[in-house]
Amino acid sequence: MYHTKWMAFDELDGARLYQLLKLRTDIFVVEQNCPYPELDNRDQEALHGLAYDGERLIGCLRILPKKPSGAVAIGRVAVQTDYRSNGVARRLLNEAIAHIQGQNEALIDLQAQAHLKQFYSSFGFKEISDVYLEDGIPHLDMQMSVKEVSKRLQE
C-alpha cells in the first residue's frame, strides 16, 4: 500500500525534488511528447502531494495559492504508468480537496486534459471553458465549489 506526504517546496530535499521533477518530466514532456517548460516558477509557492510506494514516488500533484479570481488551483497531477487505475490520483485529489476545505477556501480551479473530464467531474468539478489547446494537448478549465460539494457529501 502506498502513502502520501504533503510538503512545501522548502521541505523537499534534493532526492525528493529530483524524483518529483523526473516523474513530471517523464509524463508531461516525454510520454505526452510535449516539449514545454515543465519548470514554471510556481513550485516554490505550492504545496506538493507526493504518493510513495516504499521509497518510489508513484504520483504527485500540487496545490497553488489563491489566485486573483479567488480560487485555489490544483495542478500537475501525475501518476506512474504502472500505477494508473489503482486509485492513486483519486486518493491524491481527495486529500488535496480535504486540505483545501480545511483552509476554508471556497473555489478550486484546474486545467484538465480533455480526456480526463469525467474523472474530474466525479469529484464535483464543472466545466467553465470550451476545449482549447495547451501545448498541443486539448484542455478545458474546470472549477469546483467546495461548499457545494461539502453539502452534497453531508446529504
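Reading the values: the criteria
Residues numbered from 1 in each chain as written. Predicted model: local features only at pLDDT ≥ 70, side-chain atom pairs only at ≥ 80, totals over all residues. Heavy atoms only, no water. Helix = DSSP H or I, 4+ residues; strand = E, 2+ residues; numbered from the N terminus. Expected span 1.5 Å × (residues − 1). Buried < 20%, exposed > 50% of the residue type's maximum accessible area, 1.4 Å probe, protein only. Arc of directions from axis to C-beta. Salt bridge = Lys/Arg side-chain N within 4 Å of Asp/Glu carboxyl O. Pairing = 2+ DSSP bridges. Right-handed = clockwise from strand over helix to strand, strands pointing away. Phe/Tyr/Trp six-rings, centres within 6.5 Å; stacked < 30°, edge-to-face > 60°. Core = buried A, V, L, I, M, F, W, Y, C linked by side-chain atoms within 4.5 Å.

Draft legend 1. Seen up close, helix 2 (residues 88-102). The end-to-end C-alpha distance of helix 2 is 21 Å, a good match for the 21 Å that 15 residues give at a rise of 1.5 Å each. When helix 2 is considered as a whole, its buried residues turn out to be Val88, Ala89, Leu92, Leu93, Ala96, Ile97 and Ile100. Looking straight down helix 2, one finds that the buried residues subtend no more than 160° of arc, so they occupy a single side. Once helix 2 finishes, Asn104 follows within two positions and takes phi at roughly 60°, a positive value.

Draft legend 2. Local environment of the pattern of salt bridges. For the structure on display, the rule yields 14 salt bridges. One salt bridge in this structure joins Glu38 and Arg24, with 2.3 Å as the shortest N-O distance. Here Glu38, found in the loop between helix 1 (14-31) and strand 2 (47-53), pairs with Arg24, found in helix 1; they are 14 residues apart in sequence, far enough to count as distant. This pair shows no difference in class: Glu38 is buried, exactly as Arg24 is. Its salt-bridge partner being Lys67, residue Asp109 comes within 2.8 Å of it at the nearest N-O pair. With a gap of 42 residues between them, Asp109 in strand 5 (residues 107-113) and Lys67 in the loop between strand 3 (56-64) and strand 4 (71-79) connect regions that are remote in the sequence. Asp109 sits in the buried class, given a relative accessible area of 10%. Taken together, the salt bridges that share partners define one network made up of Arg24, Glu38, Asp40, Asp43, Arg62 and Arg76.

Draft legend 3. Region of interest: the pairing of strand 5. Burial runs high along strand 5: five of the seven residues are buried. Bridging between strand 4 and strand 5 involves three bridges; their strand directions are parallel. Bridging from a neighbouring strand, Val72 pairs with Ile108 of strand 5. Crossover connection from strand 4 via helix 2 to parallel strand 5: handedness right-handed. Bridge analysis of strand 5 against strand 8 (residues 137-145) gives seven bridges, and the strand direction is antiparallel. When the bridges of strand 8 are listed, Gln113 appears paired with His139.

Draft legend 4. Spotlight on the packing of aromatic side chains. Here the structure, examined in full by the defined rule, presents three aromatic pairs. The interplanar angle of 80° and the centroid separation of 5.2 Å between the aromatic rings of Phe119 and Phe123 together place this pair among those described as edge-to-face. Overall, Phe119 belongs to the partly exposed group, its relative accessible area being 22%. Seen in terms of ring centroids, Tyr120 and Phe125 are 6.3 Å apart; in terms of plane orientation they differ by 85°. Their pairing is edge-to-face.

Draft legend 5. Local environment of the nonpolar core. In terms of nonpolar packing, the biggest core is built from 27 residues, with Leu61, Ile74, Val88, Ile108, Tyr120 and Phe125 touching the most fellow members. When contributions to this core are tallied by element, the ones reaching two or more residues are strand 3, strand 4, helix 2, strand 5 and strand 8. Looking at this core, the element that brings in the most residues is helix 2, giving seven residues. Grouped together as the second largest cluster of nonpolar side chains are 14 residues, Leu12, Leu23, Ala78 and Ile137 included.

Geometric descriptors of this kind do not, in isolation, establish any biological role.
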